[in-house]
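Close look at the chain arrangement
So the chains spell out like this:
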Amino acid sequence: MRRTRSALSHGVRQANRGASRAVASPSLPSTQPWCPLMLAQRRKIMLVEDDAPLREILQVLLQDYPHQFLFAESGSQALAVAASEQPELIAVDLGLPDMNGLELGRRLRERDSKCRLIAFTGYDSEEFREQARQAGFDAFYLKPMELDAMERTFAEIFSALG
């Protein structure tokens, strides 16, 4: 059975709610050619997410995009991958097991002022958003984030990068 983007977005929501296992078919239909993220030049993007089922869903969900996606499951792994791969965009789950996501953002920003950082979290307050801005994040989103919103965010950032 082939999964649609809507079904996968539902799987992401379920994984974010702490579901023990989210399943996605590896044979996904190609993303619509009108999608700005599909039309953008090839970019290197890292996603930092400690939730293994959600990471697996994202790997399947993003496989049809023309970009190189890198995945890290912890702050320390993200720092190592960022140093060796130098991604242009890094999306960080702020609730990591080994390092506060805000601290990871600060460290990433210190290493590379050109890299764009996106914070993803299940917690929201104006104070938390301000802390993310001060840590160097360019954007702040609540999980679960719909695929269309992720596409628009990435496309806006890539457009600004040129």
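What this report covers is the structure whose coordinates are included nearby. (Residues numbered from 1 in each chain as written. Predicted model: local features only at pLDDT ≥ 70, side-chain atom pairs only at ≥ 80, totals over all residues. Heavy atoms only, no water.)

1. Concerning the pairing of strand β3 (residues 89-93)
Burial within β3 is extensive, with five of its five residues counted as buried. Side chains Leu89, Ala91 and Asp93 project from β3 onto one buried face, and the interleaved Ile90 and Val92 project onto a second face that is buried too. Handedness of the crossover joining β3 and strand β4 (residues 116-121) through helix α5 (residues 101-111): right-handed. (Buried < 20%, exposed > 50% of the residue type's maximum accessible area, 1.4 Å probe, protein only. Helix = DSSP H or I, 4+ residues; strand = E, 2+ residues; numbered from the N terminus. Right-handed = clockwise from strand over helix to strand, strands pointing away.)

2. Here we look at the nonpolar core
Generally speaking, soluble globular proteins have nonpolar side chains that are buried together. In terms of nonpolar packing, the biggest core is built from 24 residues, with Met46, Val48, Ile90, Val92, Leu104 and Phe137 touching the most fellow members. Looking at this core, the elements that each hand over two or more residues are β1 (44-48), β2 (68-72), α4 (75-85), β3, α5, β4 and α6 (126-135). Non-local contacts of Phe137, meaning those with residues more than four positions away in its chain, are made with Val92, Leu94, Gly101, Leu102, Gly105, Leu117, Ile118, Ala119 and Ala132. Ranked by size, the runner-up nonpolar core spans 21 residues in total, among them Ile45, Leu47, Leu58 and Met145. (Core = buried A, V, L, I, M, F, W, Y, C linked by side-chain atoms within 4.5 Å. Contact = heavy atoms within 4.5 Å.)

3. Structural notes on the packing of α5 against α6
Pairs of packed helices are described in terms of their axes, by the angle between the two and the distance that separates them. Two elements in contact, α5 and α6, have axes whose closest approach is 8 Å; the angle formed by their N-to-C orientations is 25 degrees. In terms of axis orientation, α5 runs roughly parallel to α6. Only Phe128, Gln131, Ala132 and Ala135 of α6 make contact with α5, whose side of the interface consists of Leu102, Gly105, Arg106 and Arg109. Looking at the contact of α5 with α6, its residues break down into four nonpolar, two polar and two charged. (Axes fitted to C-alpha atoms, helices over the stretch in contact; angles between N-to-C directions. Parallel < 35°, antiparallel > 145°, perpendicular 65-115°, else oblique. Nonpolar A, V, L, I, M, F, W, Y, C, P; charged D, E, K, R; others polar.)

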